[in-house]
Amino acid sequence: MGRKLVLNGNHAAAHACKDARVQVIAAYPITPQSPLTELLSQFVEHGDLKAKYICVESEHSAITVCIAASSTGARTFTATSANGLLLMHEQLHWAAGARLPIVLACVNRAVAAPWNVWNDQQDSISQRDTGWIQIYCEDNQEIYDRIIQAYKIAEQLYIPVMVCFDGYILSHTLMPVETIDQDSIDEFLPPYKPHITLDPENPCVLNLVTFPWIRQDHPDIEKLGGYPELRYQLQQTLLSSFEVIEQVDREFGEKFGRDYGLYIEYQCADADYILMAMGSIASEATVAVDLLREEGYKIGMLSLKLFRPFPAEILAAYADRAPASTYIIIERGLSYGYEGAVCTEFKAALFTHQIQKNVHNYLIGIGGRDFDVYQIIEATKQSINAIDNGQTYKEMEWINVQK
Amino acid sequence: MEKNLLPKDLPKEEFLLPGTRACSGCAFALAYRFALKALGKRTIACTPASCSTVLSGMYPVTSLKIPMLNTAFESTGAALSGIRAALDILGKEDITVLGWAGDGGTVDIGIQSLSGAAERGTDMIYVCYDNEAYMNTGVQRSGSTPYGAFTTTTPTGKLQKRKNMPAILAAHGVPYVATANSSYPIDLYLKFKKAKDEFKGKTRYIHIIAPCPPGWGFHTKDFIKIGRLATQSGLWPLYEIIEGKMILSKPTRDIVLGKKKRVPVTDYFQAQSRFRTLSDVQIQQIQAEVDQEFESFKQNL
Amino acid sequence: MPIHSLKDRKMPISSIATPIEGEGGRTGTWRTERPVLDPTKCATVKQNKLVCLLCWLYCPEANISRTIPPKIDYVYCKGCGACAEECPSKAITMEEEGNFED
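About the thresholds
- Residues numbered from 1 in each chain as written.
- Chains lettered and ligands numbered in written order.
- Predicted model: local features only at pLDDT ≥ 70, side-chain atom pairs only at ≥ 80, totals over all residues.
- Pairing = 2+ DSSP bridges.
- Helix = DSSP H or I, 4+ residues; strand = E, 2+ residues; numbered from the N terminus.
- Axes fitted to C-alpha atoms, helices over the stretch in contact; angles between N-to-C directions.
- Parallel < 35°, antiparallel > 145°, perpendicular 65-115°, else oblique.
- Left-handed = near helix turned anticlockwise from the far one by under 90°.
- Contact = placed C-beta atoms within 7 Å.
- pLDDT = per-residue confidence, 0-100.
- Nonpolar A, V, L, I, M, F, W, Y, C, P; charged D, E, K, R; others polar.
- Buried ≥ 20, exposed ≤ 12 C-beta atoms within 10 Å, placed from the backbone.
- Expected span 1.5 Å × (residues − 1).
- Arc of directions from axis to C-beta.
- Core = buried A, V, L, I, M, F, W, Y, C linked by C-beta atoms within 7 Å.
- Domains from an automatic or database assignment.

A. Seen up close, the sheet that holds strand E2 (residues 57-58) of chain B. Read from one edge of the open sheet, twelve strands run E2(B)-E3(B)-E1(C)-E9(A)-E4(B)-E1(B)-E5(B)-E6(B)-E8(B)-E7(B)-E9(B)-E10(B), paired in mixed fashion. Each having just a single partner strand, E2 and strand E10 (245-248) of chain B make up the two edges of the open sheet. Relative to strand E4 (residues 68-70) of chain B, strand E9 (residues 205-206) of chain A is paired through two bridges, and the arrangement is parallel. In the strand pairing of E4(B), A:Leu206 is matched with B:Leu69.

Dropping the structure here:
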């Protein structure tokens, strides 16, 4: 029997790691992630989790420990935020290119400069090019569930997975979380089977310099390809991974009664306008939907859960079916010099499939500035008014920022 | 370190296959050869960006007969910690975890992760093979380049003294620290054997001088001679620091005892074109420092 | 030395390199002069014992065998000349590569 606990997001993640039987943990403190790895150290020291807990001296070393331990055959985990994730950036590319099923919890926090410990999603969004799968959680139950799912997804695809959740809003807020009993988890998540390990009985060298061209200078060497072939496989696996991600989620739902999908829609069936968001802000947006509906607006909310690989075709097909003419995308991070990444990528998906919709982009809560449902409502009404006045295009706007 | 081992007594098995991409006359290739003879088959190596990466080969084939993990430049110490953690949790015993890094990847960019791994007492043998510059990228200066040496980024001679890595590691409380020299392969072999057999489970650090013909400016045939001159002149003393106590190795001890003459540093400098910018005053300065260091070695007898 | 075959390998999903002889090619083609051992001067031959062996010891590529007399692998020998330089019996001389047919 699992247990019904009241946990903050950090602790929910830690419990999930314990139940997923993580074997090597690399720990480095950073606000607001620190309580996550602190609880893991207690699990390890009290014998609740049989694992090696390495207190590293930097985040770069944290992800390196995971890369090395995963290459040696262990199930690994680390967690970080903001500048810690940025420091790992080189190794995020490495882990994906090396096809290692590492799971990383990113407790979303704003990046420096200047220093800011509060929540936005700039850290993980800015890592979208690295080849990691990215999942955004809305509440602490989802954090627990997704980390378990993440190992199954990662170890099937041999692609690392980043489970993201908002700092403070989720990491430090208590919510009911139902854990799953160990036997059931073991049945759902079998032990890690590496595709290659460092083994003196079967020596090989990993991640050696790889030529741009295909070597011809030894018998049978041409069929092994070169750098582009290996990188091509990463991309192809990512693009075809939606099935696996959905299937794992479905299986989880069948076994444990909770599933999430690649996105969750709320009141979208007859909506003229759809709010779109990632993470905990989606919960806030459902309240905005309820209040706007009371005022007579036909509005819905789409919570995007999978950011990478970007479900372009899936979202385009959705937009094609759904009656809504307008998508109002509210984001917690952006690609500086352009606009919110989710907005850009959604528009590109629509364009590719020749689907015409209005897409408006808002930034909210950048640097953790507190926001409430009324600000979301105001922004939504602004967009609706603009469209009613024939202004289908609207420049990206920062909500509640002195201009 | 006093065993009278002869070449015929050393293990025959080679762990580097012939036809590597190392330069002709590469000293660290020789060091690697004897390090692996001492450590044997049950070794997992880890190498950052370095000449050793090139020696190891190019996908999809390698010259190494042991498993090796390539890792990002600054991360060798952390990678070694990760390998060891996984081996421990998986119950895989009796495997040596070997870091094989150049001076850039140890003394400069790699020092943080090495320091962390050493502080954690990681069960590993970390080796810095020191060709005294970033040779793989074309002879740029590193924190281990000696005072006065030409490099492509110090064309008039490096102005700063090098870091003393063995002392830094000894200050971490690493129980076995040693310097070695590919020109003394049997001494090197015995040190690796000692590291493997007598300091099991602990952090061990071995720093090897690796003369580099293209980088230092001498003919390939002299790479053994140059390495020997480094020790004979006292610029590369051979010693171990065991639990904080320095024990001189025979080639250096013989000099301190007066059994062998210490060669003037000029002989070492004149044999390599990288020291051509050293002035007489600088050479005298360096000679005086070596003289002083060897005075202080008398207390380690 | 046996060559490790690539025949049974399939394209991996990440960069995995397996051991092979001559990874960097027939490195013997790099040299401009080759070491030639005169067995009449070699200590192992004269004493018919595995003595000296400094050429075997100092070869960075282990291209010299530990036999009586030591044999040089000309397929891979890079011609650095350290063996000739270090041989105490002066049994090895470096000769112009152009003088040889192979």
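B. Broad picture of the packing of helix H1 (residues 9-19) of chain A against helix H7 (residues 140-157) of chain A. Residue and element names in this part refer to chain A. For the pair H1 and H7, the least separation of the axes is 8 Å and the interaxial angle reads 25°. Considered as vectors, H1 and H7 are oriented roughly parallel to each other. Considering only the axes of H1 and H7, their crossing is right-handed. Residues Gly9, Ala12, Ala13, His15, Ala16, Cys17 and Asp19 of H1 form the contact with H7, whose participating residues are Asn140, Ile143, Tyr144, Ile147 and Ile148.

C. Structural context of the confidence of the model for chain C. Mean pLDDT over chain C stands at 94; residues scoring 70 or higher make up 97%. Averaged pLDDT values for the elements of chain C fall to 96 in strand E1 (residues 16-19) of chain C and rise to 98 in helix H3 (residues 82-86) of chain C.

D. Focus on the interface of chain A and chain B. Each partner contributes residues to the interface: chain A has 38 residues there, and chain B has 40 residues. Tallied by class, residues from the side of chain A that touches chain B come to 22 nonpolar, twelve polar and four charged.

E. Region of interest: the sheet that holds strand E16 (residues 397-398) of chain A. Residues and elements named next belong to chain A. Read from one edge of the open sheet, six strands run E10-E12-E11-E14-E15-E16, paired in mixed fashion. The sheet is open, and its two borders are formed by strand E10 (263-266) and E16, each paired with just one other strand. Inspection of the sheet shows strand E15 (residues 358-363) paired to E16 by two bridges, in the parallel sense. If you follow tyrosine 362 over to E16, its bridge partner there is glutamate 397.

F. Structural context of unusual backbone geometry. Following B:Tyr59, the chain continues into B:Pro60 via a peptide bond in cis, with omega recorded as 5°. Here B:Pro60 shows up in the loop between E2 and strand E3 (61-62). Between C:Ile68 and the following residue, C:Pro69, the backbone shows a cis peptide bond with an omega angle of -10°. The residue C:Pro69 is located in the loop between helix H2 (54-58) and H3 in this model. Unlike most non-glycine residues, A:Tyr158 shows phi in positive territory, near 55°. Residue position: A:Tyr158 is located in the loop between H7 and strand E7 (161-166). Residue classification places A:Tyr158 among the buried positions, given that 21 C-beta atoms sit within 10 Å.

G. Expanded view of helix H14 (residues 373-388) of chain A. Residues and elements named next belong to chain A. For H14, built from 16 residues, the straight-helix expectation of 22 Å at 1.5 Å per residue is met to within 8% by its first-to-last C-alpha distance of 22 Å. When H14 is considered as a whole, its buried residues turn out to be Ile376, Ile377, Ala379, Thr380 and Ser383. Take H14 and look down its axis: the buried residues cluster within an arc of 165°, on one side only. Seen from the open side of H14, the exposed residues pointing more than 90 degrees away from its buried face are Tyr374, Asn385 and Asp388. Residues of H14 that are buried in the fold lie against strand E11 (273-277), helix H11 (281-294), strand E12 (299-304), strand E14 (326-331) and E15. Two residues or fewer past H14, glycine 390 is found with a positive phi of approximately 80°.

H. Quick look at the nonpolar core. Judged by nonpolar contacts, the single largest core of 253 residues is most densely connected at A:Ile147, A:Val163 and B:Ile83. Among the elements that line this core, the one with the most residues is helix H1 (residues 27-39) of chain B, at eleven residues. Shared between two domains, this core takes at least three residues from each, and those domains are domain 1 (4-193 + 246-252) and domain 2 (263-398) of chain A.

I. Broad picture of the pairing of strand E5 (residues 103-108) of chain A. Residues and elements named next belong to chain A. Buried residues dominate E5, accounting for six of its six residues. Sheet topology note: the strand E4 (residues 76-80)/E5 ladder contains four bridges and is parallel. Following the sheet pairing, phenylalanine 77 is matched in E5 by valine 103. Direction of pairing for E5 relative to E7: parallel, over a ladder of six bridges. Looking across to E7, one finds that leucine 104 is bridged to methionine 162.

J. Up close: the interface of chain A and chain C. With 24 residues of chain A at the contact, the number on the chain C side is 14 residues. Every element with two or more residues in the side of chain A that touches chain C is listed here: E9 and helix H9 (227-239) of chain A. Considering each element in turn, the side of chain A that touches chain C owes the most residues, three residues, to H9(A). When grouped by side-chain class, the residues that make up the side of chain A that touches chain C number twelve nonpolar, seven polar and five charged. Across two bridges, the pairing between E9(A) and E1(C) is antiparallel. From the neighbouring strand, A:Leu206 faces E1(C), where its bridge partner is C:Ile16.

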